[in-house]
Amino acid sequence: MAGVIARAPLVAGVELGGTKCIAVLARGRSIEQRAQWPTGDDPAATFGSIAEWLDAAAREESFTALGIASFGPLRVDPAAEDYGCIVNTPKPGWSGANVLAGIAGRFTGPVALDTDVAGAALAEGRWGAATGCATHVYLTIGTGIGGGIVIDGKPHHGTFHPEMGHVRVRRAVGDRFAGVCPIHGDCLEGLASGPAIAARAGRPADTLAPSDAVWSLVANEIADLMASMILMLAPHRIVIGGGVGAGQPGLLGLIHSATAQVLGAYLPGHDHASLEKLIVRPALGHDAGVYGAVALAMEALDSHAI
């Protein structure tokens, strides 16, 4: 009929986090149905709850594609024997869990799987703070630190996905804090994540005043990663989310200043004022991961149509 505008296809998205998981049915950025569960220590039970909800929610209209944005470490190389599995996670019961088979096993349509941070990066590029950026990064700083890189609309990974939280950064002179990462000690996650800040300060990060001296240390450590990513990737945008990254007043400004100092005016167009536009907060807030799963589903649908 003339004048009738076709509705966007219905897709399903699942954000699988370390503490909670969220499933949605959506048309583009419009979420039509949503459910949430705790991520227990039994992967099979968690997967079963998600799959049953997706089955029930789609009875009136089947969804056309499924996107899964999962916590990791996650095997994202389709050529790997354990593709779709979580590997070496400290979360009890989840090492070796097959996310892809557990959630998508009943679905025969297009499926896309990636990390939660890669999904969030895709979503910020499609609808949020990185719209129009060919190369951009999403970094979450909270209970852990992780990041996703998007280049020309595709998440970047090779034999494995980026693990930005476990890079080593320079320490402040005289800083003796050992770090809390059980593998590396003083990698960035071991120094600047929420638990690391609490261990440094003796109390939770969200109770610390913006003037607390620990924020300067944290900002300098994060700035070391910012400078490295700018020098290696030349991104158009870096989005910093997470409870610490986006939730602490004044931290982003400290990161801008510290990053400018690390770069030392070497790169044109990367002075303090420019870094305020380059390194930003997420536009999608706490729902970046959920929208990331939806964005993955839309990518799967687009790829299937080619």
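Residues numbered from 1 in each chain as written. Predicted model: local features only at pLDDT ≥ 70, side-chain atom pairs only at ≥ 80, totals over all residues. Heavy atoms only, no water.

### Observations regarding the packing of helix α6 (residues 214-233) against helix α7 (residues 251-263)
Working step 1: One can describe the packing of α6 onto α7 by two numbers: an axis separation of 7 Å at closest approach and a directional angle of 55°. Considering their axes alone, α6 and α7 lie oblique with respect to each other. Of the two elements, α6 crosses α7, and the hand of that crossing is right-handed. Two secondary-structure elements touch here, α6 through Trp215, Ser216, Val218, Ala219, Asn220, Ile222, Ala223, Asp224, Met226, Ala227, Ile230 and Leu231 and α7 through Leu251, Leu254, Ile255, Ala258, Thr259, Val262 and Leu263. (Axes fitted to C-alpha atoms, helices over the stretch in contact; angles between N-to-C directions. Helix = DSSP H or I, 4+ residues; strand = E, 2+ residues; numbered from the N terminus. Parallel < 35°, antiparallel > 145°, perpendicular 65-115°, else oblique. Left-handed = near helix turned anticlockwise from the far one by under 90°. Contact = heavy atoms within 4.5 Å.)

### Some thoughts on the sheet that holds strand β5 (residues 111-115)
Working step 1: The five strands lie next to each other as β3-β2-β1-β4-β5, forming an open sheet whose pairing is mixed. Strand pairing shows two members of the sheet lacking a second neighbour, β3 (30-38) and β5, which therefore form its edges. Geometrically, the sheet is characterised by an average inter-axis angle of 15° between neighbouring strands, direction not taken into account.
Working step 2: Examined bridge by bridge, strand β1 (residues 11-16) and strand β4 (residues 66-70) share five bridges and lie parallel to one another. Note that in β4 the partner of Ala12 across the bridge is Leu66.
Working step 3: Contacts between helix α1 (residues 43-57) and the sheet are confined to β1, β2 (20-27), β3 and β4, with β2 contributing the most and set at about 20° to the helix.
Working step 4: Contacting β4 and β5, helix α3 (residues 116-127) runs over the sheet at an angle of about 110° to β5. (Pairing = 2+ DSSP bridges.)

### Some thoughts on the packing of aromatic side chains
Working step 1: This structure, assessed with the given rule, holds five aromatic pairs.
Working step 2: Seen from their ring centres, Phe47 and Trp94 are 5.4 Å apart, and the 85° between their planes marks the pair as edge-to-face. Here Trp94 lies in the loop between β4 and α2 (99-104) and Phe47 lies in helix α1, a separation of 47 residues in the sequence.
Working step 3: With a relative accessible area of 6%, Phe47 lands in the buried category.
Working step 4: Using a relative accessible area of 0% as the deciding quantity, one classes Trp94 as buried.
Working step 5: Following the ring pairs from residue to residue traces out a cluster consisting of Phe47, Phe71 and Trp94.
Working step 6: Above the plane of the ring of Tyr291 lies Arg29, whose end atom (NZ or CZ) is 5.6 Å from the centre. (Phe/Tyr/Trp six-rings, centres within 6.5 Å; stacked < 30°, edge-to-face > 60°. Buried < 20%, exposed > 50% of the residue type's maximum accessible area, 1.4 Å probe, protein only. Lys NZ or Arg CZ within 6 Å of the ring centre and 35° of its normal.)

### Some points on α6
Working step 1: Taking 1.5 Å of rise per residue, 20 residues should cover 28 Å, and α6 covers 29 Å from first to last C-alpha, within 8% of that figure.
Working step 2: Positive backbone phi, at 50°, marks Ala234, one or two positions downstream of α6. (Expected span 1.5 Å × (residues − 1).)

### Digging into unusual backbone geometry
Working step 1: Omega for the bond connecting Gly72 with Pro73 falls within 30 degrees of zero, at 0°, which places this linkage in the cis form.
Working step 2: Along the chain, Pro73 falls in the loop between β4 and α2.
Working step 3: With a phi close to 50°, Asp152 is a non-glycine residue in the positive phi region.
Working step 4: Tracing the chain through its elements places Asp152 in the loop between β7 (145-151) and β8 (154-155).
Working step 5: Classification of Asp152 by relative accessible area gives exposed; the value is 62%.
Working step 6: Here the phi dihedral of Ala265 falls at roughly 60°; this positive angle occurs in a residue that is not glycine.
Working step 7: Counting through the fold element by element, Ala265 comes out in the loop between α7 and α8 (272-278).

### Considerations on the pattern of salt bridges
Pairs can form between side chains of opposite charge whenever their charged atoms are close.
Working step 1: According to the stated counting rule, one finds 14 salt bridges in the structure shown.
Working step 2: The partner of Glu61 in a salt bridge is Arg27, with the nearest N and O atoms 2.5 Å apart. Here the residue Glu61 occupies a position in the loop between α1 and β4, and Arg27 occupies one in strand β2, the gap between them amounting to 34 residues.
Working step 3: Relative accessible area serves as the criterion here: at 32%, Glu61 is assigned to the partly exposed category.
Working step 4: Salt-bridge contacts for Arg168 lead to Asp186; the nearest nitrogen and oxygen are separated by 3.5 Å. Here the residue Arg168 occupies a position in the loop between β8 and α4 (188-192), and Asp186 occupies one in the loop between β8 and α4, the gap between them amounting to 18 residues.
Working step 5: Salt bridges sharing common partners tie together Arg168, Arg171, Asp175, Asp186, Arg200 and Glu221. (Salt bridge = Lys/Arg side-chain N within 4 Å of Asp/Glu carboxyl O.)

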